[in-house]
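Each chain is listed here by its residues.
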Amino acid sequence: MYKVLKYCYTCLSYTMKFYWEPGEMKTTLKKIISVILVLFMAFFMFVGTAFAIPTYSGEVDSYAVVLIDADSGRVLYEKNADERIVPASTTKMLTCLLALEYGNLTAEVEISKTAAKVKESSINLKEGERILFKDLVYATLIKSGNDGAAAIAETVAGSVPAFVDMMNAKASELGMLNSQFINPHGLPGEEDDENNYTTASDMAKLATYAIKNPGFMEIAGLTSYTIPANNKRKRDATYTTTNRLLRESLNSYYSYATGMKTGYTDAAGYCLVASAQKNGMNLICLIFKDDTETGTKRWTIAKNMFEFGFENYETLNLNSLADKLEAHKAQVENHSASDRGDGLIEFEKPVVDGKFVTLSKEAAEGLQDGSDSIEATVAYTVPEPLQAPILKGDVVGAVVYKSAKTGEVIYEGNLVASRDVLEAGTETNVDGGTAVATMTPSIPKEVKTQRDNLLVWLWGLIPLGLIVFLVVRLLTVNKANRKKHNKRRKPQYSYKIRR
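The structure presented is a predicted model; accordingly, all values stated were derived computationally and were not measured. (Residues numbered from 1 in each chain as written. Predicted model: local features only at pLDDT ≥ 70, side-chain atom pairs only at ≥ 80, totals over all residues. Heavy atoms only, no water.)

**Student:** Hey, could you run me through the pattern of salt bridges in this one?
**Tutor:** Close approach of charged atoms allows side chains of opposite charge to pair. Evaluated as defined, the whole model comprises ten salt bridges. Among the ionic pairs, K170 bridges to E101, the shortest N-O distance being 3.4 Å. Linking K170 in helix α7 (residues 160–173) with E101 in helix α3 (residues 91–102), this pair joins segments that are 69 residues apart in sequence. A relative accessible area of 8% means that K170 is categorised as buried. Overall, E101 belongs to the partly exposed group, its relative accessible area being 31%. R419 is the salt-bridge partner of D339, the closest N and O atoms lying 2.9 Å from each other. On the criterion of sequence distance, the pair formed by D339 in the loop between β13 (329–331) and β14 (344–346) and R419 in the loop between β18 (409–416) and α12 (450–489) is long-range, its members being 80 residues apart. D339 sits in the buried class, given a relative accessible area of 12%. What you see here is one network of salt bridges that share partners, running through E59, D61 and K297. (Salt bridge = Lys/Arg side-chain N within 4 Å of Asp/Glu carboxyl O. Helix = DSSP H or I, 4+ residues; strand = E, 2+ residues; numbered from the N terminus. Buried < 20%, exposed > 50% of the residue type's maximum accessible area, 1.4 Å probe, protein only.)

Next comes the structure, spelled out in structure tokens:
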């Protein structure tokens, strides 16, 4: 900062030599530098918090990308997360989840002619083949068998159309509101894919749900699976995973990878939904439309993003911070004279059991060693100051707990009254009247993305613009003053020179 200001001082000095006398220039220059210092101080005070949040700066060639913590749901990076994409074979994640939830893995099923005819990537099913449903599900997810996905659909729902209805119902249940599936495998439809779409953000919801299913993750983490010989197979058939992050013999191997699914079609490009775990932290990276010739960039992008997440963030169980999340208190006016708390109400403490929060390492370590603290911000949805009557269970506002050091959100929830506060003129054994009308507040989830950094730099243009305006204005005014001064000193003659 000192070098920058020194450089600015030198440039201004040379510029102003053309407009001011030495003494006049020195005084004006001091004024300009003082204003610049104030503006820079204000600017860095404003952006200091934003700069504390780690930002991924690596190369991201794919069209849509999301990096998310599976336990807390915090998005650590996103690019085109809400733009429509084609899911390709990542569709089979949803297919296999429904198979595990509604199918019987120990049952033997018979493959139909329709399912056996589905080609492209397949597990070579034959019409009339009798196979354990478990073998069908495992091989389908690992090898990405389109025929297997069709057979699963017929087994679970009786027909592919009925199963597709189940898929879309489940997607809606998971909050995948910008998704629609037309088949169980992700192959293009007979006409086009305009009715087969999703977003990276929606698929992140599916992946977050899938990672919590132990059965699904057991399959997704396998490197190979063998279907034993049966009535249509003369010998065992072994299939290798399409997820190269799991294969130790390849350069793309990533030791912390735990599974998920790949995909490819001409319209979708190369896709990857990958999960990884390190030091108890579970991350999911979703990559769609890797347009490289063989789809090799997706492996590198995934590994780099995983490393960014593991190195810069930490996920904490909120139970470890419960004692730091103090219950908010407020004074209620017009309360009963017999109110045991003299109108002071303490709202219910945050319920944190089973909840996690992902924070930058700076904030996570600071909260654990005491060098950082938690600040609470309250927004009421009823008029202030609070007025009695307030009844136990009333929601009167919202509270957000943040790291004092970085501003990251730790917990957000409603302000719920923990007891009755009756109005003046009532007794403790008398009904306190009707509770104030309230609405459950809607708190937007705070996500730190690249757009936040853009906002910071846009704000940075404000002080810069003020500096430029100030310098130009001072130069213009003083130049004008010099001209007037010189004009006043010009000699005046009371006679004409005769020729």
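That covers the picture; the talk isn't over yet.
**Student:** Just checking my understanding: could you explain the side chain of H185 for this structure?
**Tutor:** Topologically, H185 is positioned in the loop between α7 and β6 (198–199). For H185, a relative accessible area of 11% gives the class buried. In this view, H185 contacts A88, S89, T91, K92, V118, N146 and A149; residues no more than four positions away in its chain are not counted. (Contact = heavy atoms within 4.5 Å.)

**Student:** Any chance you could explain the packing of aromatic side chains here in plain terms?
**Tutor:** To describe a pair of aromatic rings, one takes the distance between the centres and the angle between the planes. Counted by the stated rule, this structure contains ten aromatic pairs. Aromatic pair Y56 and F308: ring centres 5.3 Å apart, planes at 70°, arrangement edge-to-face. Highlighted residues: Y56 in the loop between α2 (22–51) and β1 (64–69) and F308 in helix α10 (residues 297–312), separated in sequence by 252 residues. A relative accessible area of 7% places Y56 in the buried class. Take F308: its relative accessible area is 9%, and that puts it in the buried class. Seen in terms of ring centroids, F308 and Y313 are 5.9 Å apart; in terms of plane orientation they differ by 75°. Their pairing is edge-to-face. Looking at Y313, the relative accessible area reads 2%, which means it is buried. Members of the aromatic cluster, connected to one another through ring pairs, are Y56, Y77, F308 and Y313. For R84, the ring lying beneath its charged end belongs to Y197, and the centroid distance is 3.6 Å. If you follow K289 out to its NZ or CZ, it ends over the ring of Y63, 4.8 Å from the centre. (Phe/Tyr/Trp six-rings, centres within 6.5 Å; stacked < 30°, edge-to-face > 60°. Lys NZ or Arg CZ within 6 Å of the ring centre and 35° of its normal.)

**Student:** Would you take a moment to explain the sheet that holds β18 for this structure?
**Tutor:** Strands in a sheet are paired, the pairing made by backbone hydrogen bonds, and the direction either parallel or antiparallel. Spatially, β16-β17-β18 is the arrangement adopted by the three strands of the open sheet, whose pairing is antiparallel. Looking at which strands have only one partner, the edges of the open sheet turn out to be β16 (374–380) and β18. Direction aside, the axes of adjacent strands within the sheet are offset by 20° on average. Across seven bridges, the pairing between strand β17 (residues 395–403) and β18 is antiparallel. Within the sheet, the bridge partner assigned to G397 lies in β18 and is L415. (Pairing = 2+ DSSP bridges. Axes fitted to C-alpha atoms, helices over the stretch in contact; angles between N-to-C directions.)

**Student:** When you look at the side chain of R419 in this model, what are you seeing that I'm missing?
**Tutor:** Given a relative accessible area of 9%, R419 falls into the buried group. Here D339 takes part through its side chain, which lies 2.9 Å from a polar atom of the side chain of R419. For R419, the side chain forms a polar contact with the main-chain oxygen of L344, separated by 2.8 Å. Among residues more than four places away in sequence, those in contact with R419 are D339, R340, G341, G343, L344, I345, I390, L391 and K392. (Polar contact = N/O pair within 3.5 Å; in protein donor to acceptor, adjacent residues only side chain to side chain.)

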